[in-house]
Amino acid sequence: MNLKGGNVTDHDCEKASNSYVMSLVAIMVGLPLPIVNLLATAIFFLGNRKGTYFVRWHCMQALLSQLLLFCMNSVGFWWTLHILFGDDQATNRYFAYISTIFLFNIAEFITTIYAAVQVRKGRPVEIWFVGGLAHILCRK
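Residues numbered from 1 in each chain as written. Predicted model: local features only at pLDDT ≥ 70, side-chain atom pairs only at ≥ 80, totals over all residues. Heavy atoms only, no water.

A. A look at the environment of V36. By the secondary structure assignment, V36 is in helix α2 (residues 35–47). For the pair V36 and S23, spaced 13 residues apart in sequence, the C-alpha separation works out to 8.9 Å. (Helix = DSSP H or I, 4+ residues; strand = E, 2+ residues; numbered from the N terminus.)

Right under this line is the structure:
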């Protein structure tokens, strides 16, 4: 994988790193609503979709990561609301799912911080699963 190439500038590294930082800031702003992270990352991607491949690829990877997390968090969010305000009860299956998405969120948070730091230094980071999708969706 040669994402960096020979003509990636310090400005490109900063923009690519900011794609990950954007999702972290959005987590702090819109924690209870899973859509906020996805929207913030999507807007950042759209703003940089005509940038260099390095920047576009990292924006796409951050967006795909947030999309995956959005799907998981949405199920947990609505299931929790249904338990609180509906007829459902919290079962072992519910607690297992909430524990799982909690662990996925922590892992994604740590991975995002790591990716932001490494990309800022000019070292491309390919996140497992979404990195391969980013290669398919983001053409040179």
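Now that the structure is up, let's keep going.
B. Focus on the environment of T100. Of note, T100 is situated in helix α4 (residues 92–120). Classification of T100 by relative accessible area gives partly exposed; the value is 36%. The spatial distance from the C-alpha of T100 to the C-alpha of M72 is 9.4 Å, given a sequence separation of 28 residues. (Buried < 20%, exposed > 50% of the residue type's maximum accessible area, 1.4 Å probe, protein only.)

C. Highlighting the side chain of T41. Looking at the element boundaries, T41 is found in helix α2. If we ignore the near neighbours within four places in the chain, the residues touching T41 are M22, S23, A62, L63 and Q66. (Contact = heavy atoms within 4.5 Å.)

D. Representation of a nonpolar patch on the surface. Together, F102, L103, I106, F109, I110, I113 and V117 make up a nonpolar patch on the protein surface, roughly 640 Å² of accessible area in all. Take I106: it is sitting in helix α4. With a relative accessible area of 37%, I106 lands in the partly exposed category. (Patch = residues over 30% accessible without salt bridge, like charges linked within 9 Å, V, L, I, M, F, W, Y side chains within 5 Å. Areas by Shrake-Rupley, 256 points an atom, 1.4 Å probe, with all protein chains shown as cover. Salt bridge = Lys/Arg side-chain N within 4 Å of Asp/Glu carboxyl O.)

E. View of the nonpolar core. Grouped together as the largest cluster of nonpolar side chains are 24 residues, with contacts concentrated most on Y20, F54, M60 and V119. Of all the elements in the fold, those that place two or more residues in this core are α1 (10–29), α2, α3 (53–85), α4 and α5 (130–137). Looking at this core, the element that brings in the most residues is α3, giving nine residues. Setting aside its immediate chain neighbours within four residues, Y20 contacts H58, Q61, A62, T112, A115, A116, V119, V125 and I127. (Core = buried A, V, L, I, M, F, W, Y, C linked by side-chain atoms within 4.5 Å.)

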